[in-house]
There are 2 protein chains.
Amino acid sequence: MKEKPIELVMLFDFYGAMLTDKQREFFDLYYNEDLSLSEIAENEGITRQGVRDAILRAENVLNGLEEKLGLYKKYGAIGKGLEDISRAAQDIRRINAENYFSREIDDKVREIIERIKDITE
Amino acid sequence: MKEKPIELVMLFDFYGAMLTDKQREFFDLYYNEDLSLSEIAENEGITRQGVRDAILRAENVLNGLEEKLGLYKKYGAIGKGLEDISRAAQDIRRINAENYFSREIDDKVREIIERIKDITE
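K.L.:
What is the right way to read the domain arrangement of chain A from this model?
P.N.:
A common way to report how large an interface is uses the accessible area buried once the components associate. According to the domain assignment, chain A consists of domain 1 (6-75) and domain 2 (78-120). Once you take the C-alpha centre of each, domain 1 of chain A and domain 2 of chain A turn out to be 38 Å apart.

Right under this line is the structure:
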């Protein structure tokens, strides 16, 4: 199961609060902290199989939640999209400042940048 | 409990899939279709109290999920923010077209509008 599956780690950010404390801890140590199953088992004083089962259960819970709610699919890509919008807005501001000095356009661009801040805060 | 609580109805959109079929159905009839508890009870052939209990349980589930996950708080306002950004971008496009005809600015604005479409689709 290793090789850090990006989507699973993103689902953990979205839905991790729905896992049990143990599931969350093991998942985090395994995927985010990159410990091995054996290392986690040793630290926790349980079997490697026990750790593995907990992580697999966690993966099932995360995948099941996304299957039902679909919130990662709907909102997961927003951060990237807003970065692109922010960059384009900054470009407009620069082009406008260097060429036209339109106060109206500058105001609108600042409004866009403010809204992006509101959303991402 | 009536007087359509906006946040609760938004939480229903986010997390409704986690309710049981009955909870979802009663919640929807009561808050979205505006039927009374008695009307729902009569249609379903159960007591008014039974309907009321199911809806209260649904509300508890929705509030509990938001308390744990906080995804509505984090993403719920995005739609409104993107509309504002879209409107400002359209304004820039118009001002630019009427006054400066900068192809560069127009390209950037179209990029912003495209990104917003990507996000909201």
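K.L.:
Explain the nonpolar core to me, please; I cannot follow it from the model alone.
P.N.:
Residues Tyr15 and Ile112 of chain A together with Tyr15 and Ile112 of chain B are the most contacted members of the largest nonpolar core, which totals 76 residues. Excluding its chain neighbours within four sequence positions, the residues that come into contact with tyrosine 15 of chain A are Leu62, Leu65, Glu66, Leu69, Gly70, Leu71 and Tyr72 of chain A together with Leu69 and Leu71 of chain B.

K.L.:
What am I meant to see in the pattern of salt bridges here?
P.N.:
It is possible for side chains bearing opposite charge to pair when their charged atoms get close. This structure, assessed with the given rule, holds 28 salt bridges over all chains. Note that arginine 115 of chain A is salt-bridged to aspartate 84 of chain B, the shortest N-O span being 3.2 Å. Of this pair, arginine 115 of chain A sits in helix α7 (residues 103-120) while aspartate 84 of chain B sits in helix α6 (residues 78-99), placing the two residues on different chains. Arginine 115 of chain A sits in the partly exposed class, given a relative accessible area of 24%. Its salt-bridge partner being aspartate 21 of chain B, residue arginine 24 of chain B comes within 2.7 Å of it at the nearest N-O pair. One end of the pair is arginine 24 of chain B and the other is aspartate 21 of chain B, both in helix α2 (residues 21-32) and three residues apart, which spans about a single turn. The exposed category is assigned to aspartate 21 of chain B, whose relative accessible area is 57%. Through salt bridges that share partners, Lys80, Asp84 and Arg87 of chain A together with Arg115 and Asp118 of chain B make up one connected network.

Parameters at a glance
- In every chain, residue numbers begin from 1 and rise along the written sequence.
- Note on labels: chains are lettered from A, ligands numbered from 1, in written order.
- In keeping with the predicted nature of the model, local features appear solely for residues at pLDDT of at least 70, side-chain atom pairs appear and are counted solely at 80 or more, and the whole-chain, interface and lining totals rest on all residues.
- Values shown for side chains rest on all heavy atoms present in the structure; no hydrogens or waters enter the calculation.
- Domains are outlined according to an automatic or database domain assignment.
- For the purposes of this section, nonpolar cores are sets of buried Ala, Val, Leu, Ile, Met, Phe, Trp, Tyr and Cys residues that join through side-chain atoms within 4.5 Å.
- Classification of residues uses two cut-offs on accessible area relative to the type maximum, computed with a 1.4 Å probe and protein chains only: under 20% is buried, over 50% is exposed, and between them is partly exposed.
- Any pair of residues with heavy atoms lying within 4.5 Å of one another is described as a contacting pair.
- By definition here, a salt bridge exists when the distance from a side-chain nitrogen of Lys or Arg to a carboxyl oxygen of Asp or Glu is within 4 Å.
- Helix and strand definitions follow DSSP, with helices as H or I runs of at least four residues and strands as E runs of at least two, each counted in order from the N terminus.

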